[in-house]
Amino acid sequence: KMRIKYLLLIFAALLAFSSCGDKKKKSYDEIAMSGLTIRTENLRTNLKAFANKGTLIGQMYGTLSGMGWNRWECDSDRCDMKALCGYRPAANGYELGGIESGKQQNADGVPFKTIREDVLNHFRKGGLLIMNWTMPNYNGNEDKLEEYTQQVAKYLDTLQDGYGIKAPVVLNLLPIDGKAWYCQLSAEDYSKLYQKIQDCLSDEEVTNVVYGYSETYQPGKKLMERYPDHNIDVINITYLQSKDAINLPLYQKSIKDIVAQGLPFAQEHNNAFGMTTGIESIGDSSIFADILLPELKQHHIAYLMFGRNAGEPIEEHYYTPYPGVSNSKTHGFMELVNDEVSVFLEKLNGLYLEH
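This structure is a prediction, so every number in the text was calculated from the model and none was measured. (Residues numbered from 1 in each chain as written. Predicted model: local features only at pLDDT ≥ 70, side-chain atom pairs only at ≥ 80, totals over all residues. Heavy atoms only, no water.)

Applying the stated criterion across every chain yields a total of 18 aromatic pairs. Between Tyr190 and Tyr213, the aromatic rings sit 6.3 Å apart at their centres with planes inclined by 75°, giving edge-to-face as the arrangement. Within this pair, whereas Tyr190 is found in helix α6 (residues 187–203), its partner Tyr213 is found in strand β7 (residues 209–216), the two being separated by 23 residues in sequence. A relative accessible area of 0% means that Tyr190 is categorised as buried. (Phe/Tyr/Trp six-rings, centres within 6.5 Å; stacked < 30°, edge-to-face > 60°. Helix = DSSP H or I, 4+ residues; strand = E, 2+ residues; numbered from the N terminus. Buried < 20%, exposed > 50% of the residue type's maximum accessible area, 1.4 Å probe, protein only.)

Written as structure tokens, this is what we have:
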């Protein structure tokens, strides 16, 4: 009898131990002192430190859409950048606008389900994830604002793998694009709204977000006047030229001005500095080698993200060359690709690890 009792005790102890093990497996994601996951905390540190070694080259929806294809319409693992030069983007950009209203697709027509799959895939490979949230007008209705942020928080929470490990995201709240309703707010009101959303997301226990401030550059206008100096770690400046208004001298002058204004400001505020840029249909590939590359070699720029490639080739909606485009639009890009300052996914190591 004693022996049976003893065996039962051992069995019970083993059961308890294995169920504890299961629990541990379910919450594999460790939390840092800051309340963020340790991987998110590491990203925060590394994004600034890695800029000393090189610049992450990325693209909006880099592995989700391209010339003549969309990931959600075909099963293949396509990517314009990889098809052209053998490397995947180190950074992928996404828009969250629409998630707050319960839509299936975002403002750019990309399904949120596919974005989630892409995010987890890119995270698994160690890549950087940048998300913009262009929030609709809540018309001063606080309940509406709370509802919107809850939906965003819920979606951010789903960006986790089977072990409960969440993908850390750089979240650009309320990107200033000159068009959104909140661009009409005073700098003070904008800053208050930005902080209010941060507080709401914090109340929802979002643990996998590093906050970014994003602003679209307008030639001749001063940058950073709306910067909400509150728990920001990344500054993104966007400057895209459309194919109907290509102006290479203006592009060169603007890129220089963006770096001259944005970078010292970012350093002063201990922020990583990145750019989202490009010329639609490229115009001349010298922009990559003669305008962008010298800036990357001279300054510590965390990432350089290009605009999205989408639609059919005849529409010419592309910001990076793709297989089949003319050589004149490719050779300068290859020069950028082959320079050691350019970091692609295959060369990116340990963005989420402690160093």
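Let us now look at the confidence of the model for the chain. Averaged over all residues, the pLDDT of the chain is 93; the fraction at 70 or higher stands at 92%. Confidence drops under pLDDT 50 across residues 18–25; counting only partners more than four residues distant or on other chains, this segment forms one contact. (pLDDT = per-residue confidence, 0-100. Contact = heavy atoms within 4.5 Å.)

Any two side chains of opposite charge can pair, so long as their charged atoms come close to each other. With the rule as written, the count across this model stands at 15 salt bridges. A salt bridge links Asp233 to Arg44, with the nearest nitrogen and oxygen atoms 2.9 Å apart. Of this pair, Asp233 sits in the loop between β7 and β8 (234–241) while Arg44 sits in helix α2 (residues 38–50); the two residues are 189 residues apart in sequence, bridging distant segments of the chain. Looking at Asp233, the relative accessible area reads 8%, which means it is buried. Between Lys256 and Glu295 there is a salt bridge whose closest N-O contact spans 3.1 Å. Of the two residues, Lys256 is situated in helix α7 (residues 248–268) and Glu295 in helix α8 (residues 286–298); the sequence distance between them amounts to 39 residues. What makes Lys256 partly exposed here is its relative accessible area of 44%. (Salt bridge = Lys/Arg side-chain N within 4 Å of Asp/Glu carboxyl O.)

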